[in-house]
Amino acid sequence: MAERPSILIVEDETKIVDALRAYLINAGFEVRAAYDGEAGLASFNEARPDLVVLDLMLPKLGGERLCTEIRRVSRVPVVMLTAKGTEDDKVSGFALGADDYVTKPFSPRELVARIESILRRASATGPALYNVMTWNGGDLEIDTAARTVKKRGGEISLTPNEFKILACLASRPNRAFSREELISAALGDDFDGFERTVDSHVKNLRSKIEDDTARPLYVLTVRGLGYRFGGGGG
Ligand code: CA
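Residues numbered from 1 in each chain as written. Predicted model: local features only at pLDDT ≥ 70, side-chain atom pairs only at ≥ 80, totals over all residues. Heavy atoms only, no water.

Caption draft 1: View of the sheet that holds strand E12 (residues 226–229). The sheet built from three strands is open, its strands ordered E10-E12-E11 with antiparallel pairing. Each of the sheet's edge strands pairs with one partner strand only, and the pair in question is strand E10 (177–178) and strand E11 (219–222). When E11 meets E12, the two strands line up antiparallel, connected through four bridges. By the bridge assignment, Val222 is partnered in E12 with Gly226. This element, helix H6 (residues 160–171), spans E10, E11 and E12 of the sheet and lies at about 65 degrees to E12. (Pairing = 2+ DSSP bridges. Helix = DSSP H or I, 4+ residues; strand = E, 2+ residues; numbered from the N terminus. Contact = heavy atoms within 4.5 Å. Axes fitted to C-alpha atoms, helices over the stretch in contact; angles between N-to-C directions.)

This is the structure we're talking about:
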């Protein structure tokens, strides 16, 4: 991982959050915290963390529900943090898709070591952690596993090249891609076409996903270079 991995802590006990945050920052992570399940889900969708530390007993939306929601759209590692320590609790936590399970009281140092080990494994196994990405409260949804795109819930039909360009841009919001990069990253080196071909794919793509192609929200032009994905989180 080139950038500092980001960790989302969802936990309603501020003392635990503060202690864990200090250890994680010290270990070189970027840290965000949410103090109830609903805020945790919103923060997860917006920040797209590399790993989630999730308390089970949370106000508003329980940790089990939140874990299920996270698993619906991604395989981002989840470490469950909880006072429930019976074998049954652990088994059901793993059944929900948790990657690890830590029982309170716990050692922050040990938790940091576990997080590091999980992230090493996750980065070794490759591609996108998120298979479903949504923007603007569901206005646009891209599912890279099913290879579908939805606009306000309705599936729209993209050509394979349009899909690849969109998925490539959306995988790194705000990063500017040159046309050449888009060709090699999205379309492949054996792509038979010119840089201008990218422009015509983008034109068609915009007509399908943008409300106003003159003022695009998602596929933005980077003058003199290429394109970037805008649109923000949520
Ligand atoms: Ca709690």
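Caption draft 2: Fine view of the environment of Lys104. Tracing the backbone shows Lys104 in the loop between strand E5 (100–103) and helix H5 (108–124). Judged by relative accessible area, which is 17%, Lys104 ranks as buried. Lys104 has contacts with Glu11, Glu13, Ile16, Asp55, Leu81, Thr82 and Ala83, leaving out every residue within four places of it along the chain. Among the polar contacts made by the side chain of Lys104, one reaches the side chain of Asp55 at a distance of 3.2 Å. (Buried < 20%, exposed > 50% of the residue type's maximum accessible area, 1.4 Å probe, protein only. Polar contact = N/O pair within 3.5 Å; in protein donor to acceptor, adjacent residues only side chain to side chain.)

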